[in-house]
Amino acid sequence: MLNKVYQVPYGTKDILPGEMKSRRRIENAIVNVFDKWGYDEVKTPDFEYVDTFGNGGTKGDFRFFDRNNNLLVLRNDMTAPIARLTATRLAGGEKIKRLCYLANLYRYEEIQAGRQCQFEQAGVELLGANGAAADAEIIVLAAEALQAAGVEQFAISLGHVDFINGLAEEAGFDEAQVKQLKACLRRHDAVGMQQMADSMENIRPEIKQLFADFLFLQGGMELIERVSGVVTNAKALSALEDLRRIYALVEAYGAAAYLSFDLGLYRSLDYYTGMLFEVYMPEIGYPIAGGGRYDKMMQGFGLDCPATGFALGVDRVVLALERAGSLKNVRSWDVLVAWSEGKLPEAIAKATALRQEGRSVKLCTEAMDLAGAASAVKEYCCSSLVYVS
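The structure presented is a predicted model; accordingly, all values stated were derived computationally and were not measured. (Residues numbered from 1 in each chain as written. Predicted model: local features only at pLDDT ≥ 70, side-chain atom pairs only at ≥ 80, totals over all residues. Heavy atoms only, no water.)

K.L.:
Looking at this structure, I do not really get the packing of helix α1 (residues 19-36) against helix α3 (residues 132-149). What am I missing?
P.N.:
For any two helices packed against each other, the geometry comes down to the angle between their axes and how far apart the axes lie. Following both chains from N to C, one finds α1 and α3 inclined at 145°, their axes separated by 8 Å at the closest point. Relative to α3, α1 is oriented so that their crossing is right-handed. Contact with α1, carried on its side by Ile26, Ala29, Ile30, Val33, Phe34 and Lys36, involves Leu141, Glu144, Ala145, Ala148 and Ala149 of α3 and no other residues of that element. (Axes fitted to C-alpha atoms, helices over the stretch in contact; angles between N-to-C directions. Helix = DSSP H or I, 4+ residues; strand = E, 2+ residues; numbered from the N terminus. Left-handed = near helix turned anticlockwise from the far one by under 90°. Contact = heavy atoms within 4.5 Å.)

K.L.:
Explain the sheet that holds strand β10 (residues 275-280) to me, please; I cannot follow it from the model alone.
P.N.:
For sheets, the rule is that strands pair by backbone hydrogen bonds, running either parallel or antiparallel. Strand order across the open sheet formed by nine strands is β1-β5-β6-β12-β11-β10-β7-β9-β8, with mixed pairing between neighbours. Single-partner strands in this sheet number two, and they are β1 (40-41) and β8 (218-219). The strands touched by helix α2 (residues 79-89) within the sheet are β5 (97-106) and β6 (118-127), with β5 carrying the most contacts at an inclination of about 135°. Along the sheet, helix α10 (residues 314-323) contacts β5, β6 and β12 (307-313); its crossing angle with β12, the most-contacted strand, is approximately 45°. (Pairing = 2+ DSSP bridges.)

K.L.:
It is not clear to me how helix α5 (residues 175-187) should be interpreted in this structure. Could you clarify?
P.N.:
Count 3.6 residues to each turn of an α-helix, and residues three or four apart come out pointing the same way. Here α5 is 13 residues long and its end C-alpha atoms lie 18 Å apart, about the 18 Å a rise of 1.5 Å per residue gives. Every buried residue belonging to α5 is among Leu181, Lys182, Ala183, Cys184 and Leu185, and all of these are buried. In the core, the buried residues of α5 are packed alongside α4 (161-170), α6 (190-198) and α7 (205-212). The backbone nitrogen of Ala176 has a side-chain oxygen 3.2 Å away, supplied by the residue at the start of α5, namely Asp174. In the stretch just after α5, His188 is the one whose phi turns positive, near 55°. (Expected span 1.5 Å × (residues − 1). Buried < 20%, exposed > 50% of the residue type's maximum accessible area, 1.4 Å probe, protein only. Polar contact = N/O pair within 3.5 Å; in protein donor to acceptor, adjacent residues only side chain to side chain.)

K.L.:
Before we go on, may I ask you to explain the sheet that holds strand β3 (residues 63-65) in this structure?
P.N.:
Across the sheet, three strands lie side by side as β2-β4-β3; this open sheet has antiparallel pairing. Two strands close off the open sheet at either side, each with one partner strand: β2 (47-49) and β3. The average undirected angle you get between the axes of adjacent strands in this sheet is 35°. Pairing of β2 with strand β4 (residues 71-74) involves three bridges; the strand directions are antiparallel. The residue of β4 that forms the bridge with Phe47 is Leu74.

K.L.:
What is the right way to read the pairing of β12 from this model?
P.N.:
Put simply, side chains in a regular strand alternate between the two faces of the sheet. Here β12 lies mainly inside the structure; seven of its seven residues are buried. Residues Ala307, Gly309, Ala311 and Gly313 of β12 are buried on one face, and the alternating residues Thr308, Phe310 and Leu312, pointing to the opposite face, are buried as well. By the bridge criterion, seven bridges tie β6 to β12 in an arrangement that is antiparallel. When the bridges of β12 are listed, Leu126 appears paired with Thr308. One ladder, built from five bridges, connects strand β11 (residues 289-293) with β12; its direction is antiparallel. Counterpart to Gly290 in the pairing with β12 is Ala311.

K.L.:
Which parts of the structure should I look at to understand the pattern of salt bridges?
P.N.:
Pairing is possible between side chains that carry opposite charge, provided their charged atoms lie close to one another. Scanning the model with the defined rule gives 19 salt bridges in all. The partner of Glu120 in a salt bridge is Arg23, with the nearest N and O atoms 3.3 Å apart. With Glu120 in strand β6 and Arg23 in helix α1, the pair connects residues that are 97 residues apart, well separated along the chain. The pair Glu120 / Arg23 is uniform in exposure class, with both members buried. (Salt bridge = Lys/Arg side-chain N within 4 Å of Asp/Glu carboxyl O.)

K.L.:
Mind showing me how you'd approach the nonpolar core here?
P.N.:
Soluble globular proteins tend to bury their nonpolar side chains together. Formed by 82 residues in total, the largest nonpolar core has its most connected members in Phe34, Phe163, Leu181, Phe211, Phe214 and Phe277. Among the elements that make up this core, the one with the highest residue count is α3 (twelve residues). Non-local contacts of Phe34, meaning those with residues more than four positions away in its chain, are made with Tyr39, Cys100, Tyr101, Ala122, Gly123, Val124, Leu141, Ala145 and Phe310. By size, the runner-up hydrophobic cluster in this structure holds 27 residues, among which are Val42, Leu99, Met297 and Met298. (Core = buried A, V, L, I, M, F, W, Y, C linked by side-chain atoms within 4.5 Å.)

K.L.:
Would you mind going over the environment of Tyr49 with me for this structure?
P.N.:
By the secondary structure assignment, Tyr49 is in strand β2. Distance in space between the C-alpha atoms of Tyr49 and Gly131 is 32 Å, their sequence separation being 82 residues. Aside from chain neighbours lying at most four places away, what touches Tyr49 is Asn70, Leu71, Leu72 and Val73.

K.L.:
For this particular structure, what's the right way to read the packing of aromatic side chains?
P.N.:
The geometry of two aromatic rings is summed up by the distance between their centres and the angle between their planes. All chains considered together, the criterion is met by 13 aromatic pairs. Above the face of the Trp333 ring, Lys21 is positioned so that its terminal group lies 4.1 Å from the ring centre. Sitting above the plane of the Trp333 ring, Lys362 keeps its charged end 3.9 Å from the centroid. (Phe/Tyr/Trp six-rings, centres within 6.5 Å; stacked < 30°, edge-to-face > 60°. Lys NZ or Arg CZ within 6 Å of the ring centre and 35° of its normal.)

K.L.:
Would you take a moment to explain the pairing of strand β13 (residues 333-339) for this structure?
P.N.:
Across the seven residues that make up β13, a large majority, five, are buried. Inspection of the sheet shows β13 paired to strand β15 (residues 382-388) by six bridges, in the parallel sense. Bridge pairing links Val335 to Ser384 in β15. Where β13 meets strand β14 (residues 361-363), three bridges bridge the pair, whose relative direction is parallel. Within β14, the residue paired with Val335 across the bridge is Val361. Of the crossover connections in this fold, the one passing from β13 over helix α11 (residues 344-356) to the parallel β14 is right-handed. (Right-handed = clockwise from strand over helix to strand, strands pointing away.)

Set out below in structure tokens:
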């Protein structure tokens, strides 16, 4: 049996030199975009009381007890901790709060490429703002963050929870049927959707067909216009109008080329109350980013506050860039400072001066001749040599 001392736990991984340097550049580029848009960075604990995540947590949690027998959980989502922080620490101040984060999350997963039990997310939460203007800002910010990370080709799918709820109302669904509908949408179960449509009675054929086609209700503004001519439920029609407004504002930002509608989009987290979206790249078969509006979550922390936001999977972005061949794990520094016997103090002074000029410097730890120093430049991944003799 292999000694566990030499292994990492299931679902975790080491990040090696070069790879970490490239990753840090991506992280910094994303967080810099958030800052440019006026978002304050915050940090929450890696573990919380399990009740922070509502109803005793969620499936896949990593849980443990503290010394006082309180049940704790490693965070598996950042929206709930940000909501807790806002309600308990930031209740005053400006009405509209823009917060961002870069954090590790923990969730038991069946691991595969891009899916780990420990993973990193970057994201933003826009709190206190209602309406399409806030939702459009979140969508465009996600697009700009991906561009800053080096992602060139991606697509944003936009849907709306109230279209799904409104269409279920129009079909006369009870609570169990709504739950079944959302489970089918979440699993992309086309067979289940067809069976649901086939079982419908006393309902207009056009609505029945929408249910059969639910997973394929994808397209541009022409889709919204076509579906608007079929449904009569007020909630569903209001959702479609909201999507029109969001699209128009994303277009005003100049980012509509990335955007299309997916009226059957339903995300795995159940706290969304309005628009929701996911971002896809051709190199990855699952979303690299996603988010939406969640106007009711803050109520659980004693604060009635609308909110919208998104999270971006840093590990997935890195993987997608690697597969696209656009991520180069380059280890490089500007200068290697080498020194001859007895010249270490002078070499230290030279290295210090170069660093103060903004150069990245490696200082040799032992004396060497000029020939040895010249060959060490490549070994130490430096671009140039300064030899102190």
